[in-house]
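# Notes for the structure review
Below, each chain spelled out in residue letters.
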Amino acid sequence: MTEQLFSLPVVNQISTTISQRQIDELPVIVVSHPKVKAAVALQGAHLLSWQPEGEAPVLWMSSASAFKEGVAIRGGIPICWPWFGPAGKPSHGFARNFAWTLTDHKESAEGVVLTLTLKSTPESLELWPHEFVLTARFTLGASCHIELESAGDFEANSALHTYFNIGNIADVTVKGLGASFIDKVDGAKLKEEAGDLTFTGQTDRIYTQPQATSEIVDPVLKRTLVVAHENNADVVAWNPGSALSVSMADMPDDGYKTMVCVETAQVSDKHVSTAAAPARLAVTFSIRK
């Protein structure tokens, strides 16, 4: 799936290493830089791929995902905002379903910075009665830093719903989540569980006292993905397991085996944005061999 993004025909060559391309109905900004390859769909400011030089793809994308206007993309990093889950319609908010604008780009020997912006519209005001400016900045190189900034006068929930590409879910361990979590598979019960997270079936947990850094230890791909969270209350861990995977039209039946979501999130509490002080949610990914 990832390779397909980099072989799409160029619609507009924005700079030496940045181009606009098209996948089905959606425009995509593609980065082909000596240090990094990446792709961001303008719909949702949705990072589809981040692949530092010499590395296997870090983000997982569903081969069954639709790339249609107004339809959520399965994989990569959906931006959930201004609510999480079924708190409103559409689920996980409207930011991931709306078209954003590429408002700035910079290049250096180390990589590329892309800035995308979404502003309130009559359509968004019908769904959520607040004026806003939402900015997503992607600093893409040997590491990947994502910053989501929301300006306006409101409270909101948010999450960077990251799907990581892994060797096999049965072998992966996630460290640094803390012990306290809300178990959404078991009626949203509050639970405590010391130790690292391993996966034996459908898993959907909101960890409410996580450490600042999560680590996804992947013995199959022989790497540890280091996820450094900023300005978050929570970290969400999700894997659909076999039965749910089969029921999802936009996921292959065995898709759950090669992905895990470890999400930088503000779910159990809300971020407050004011005219003077925008709210921020940020994350940095790096790879340790």
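In this text the structure is predicted, and so the values were computed from the model without any measurement. All chains use their own residue numbering, which begins from 1 and follows the written sequence. It should be noted that, the model being predicted, local features are given only for residues of pLDDT at least 70 and side-chain atom pairs only at 80 or more, the latter also being counted only at that level, while totals for whole chains, interfaces and linings use all residues. In computing side-chain properties, one takes all heavy atoms of the structure into account and sets aside hydrogens as well as water.

Secondary structure elements are taken from DSSP: a helix is a run of H or I of four residues or more, a strand is a run of E of two residues or more, and numbering for both begins at the N terminus. Turning to its location among the elements, D204 is positioned in strand β16 (residues 203-207). Contacts between residues were defined by any pair of non-hydrogen atoms, one from each residue, lying within 4.5 Å. If sequence neighbours within four positions are ignored, D204 has contacts with I182, D183, K184, V185, V236, A237 and W238.

UniProt positions are given in the numbering used here, feature names are shortened, and annotations may be inferred rather than shown by experiment. The sites that UniProt annotates as "active site" (unreviewed entry) are H161 and E263. Maximum C-alpha separation among the annotated residues is 4.9 Å over a sequence range of 103 residues, consistent with a single clustered spot. Of the residues named above, H161 and E263 line the largest pocket. Within the secondary structure, H161 sits in the loop between β11 (154-160) and β12 (163-165). Excluding residues that lie within four positions of it along the chain, H161 makes contacts with G76, I77, P78, C80, H92, W238, C261 and E263. Grid spacing is 1 Å over the protein atoms alone, the probe is 1.4 Å, and a cavity is where that probe fits but cannot get out, while a pocket is an open set with protein on both sides within 12 Å along at least five of seven lines and lining residues have an atom within 4 Å of a point.

Moving on to the nonpolar core. Residues L47, W81, W100 and I216 are the most contacted members of the largest nonpolar core, which totals 57 residues. For this core, the element with the most residues is strand β9 (residues 132-140), which contributes five residues. Sequence-distant contacts of L47, that is, excluding residues within four places in its chain, are made with A39, V40, L59, G76, I77, F138, L140, C144 and I146. Counting residues in hydrophobic clusters, the runner-up holds 13 residues, among them V30, A41, L48 and I73. The definition of a nonpolar core used throughout is a set of buried Ala, Val, Leu, Ile, Met, Phe, Trp, Tyr and Cys residues joined through side-chain atoms within 4.5 Å. Residue exposure (1.4 Å probe, protein chains only): buried if accessible area is under 20% of the type maximum, exposed if over 50%, otherwise partly exposed.

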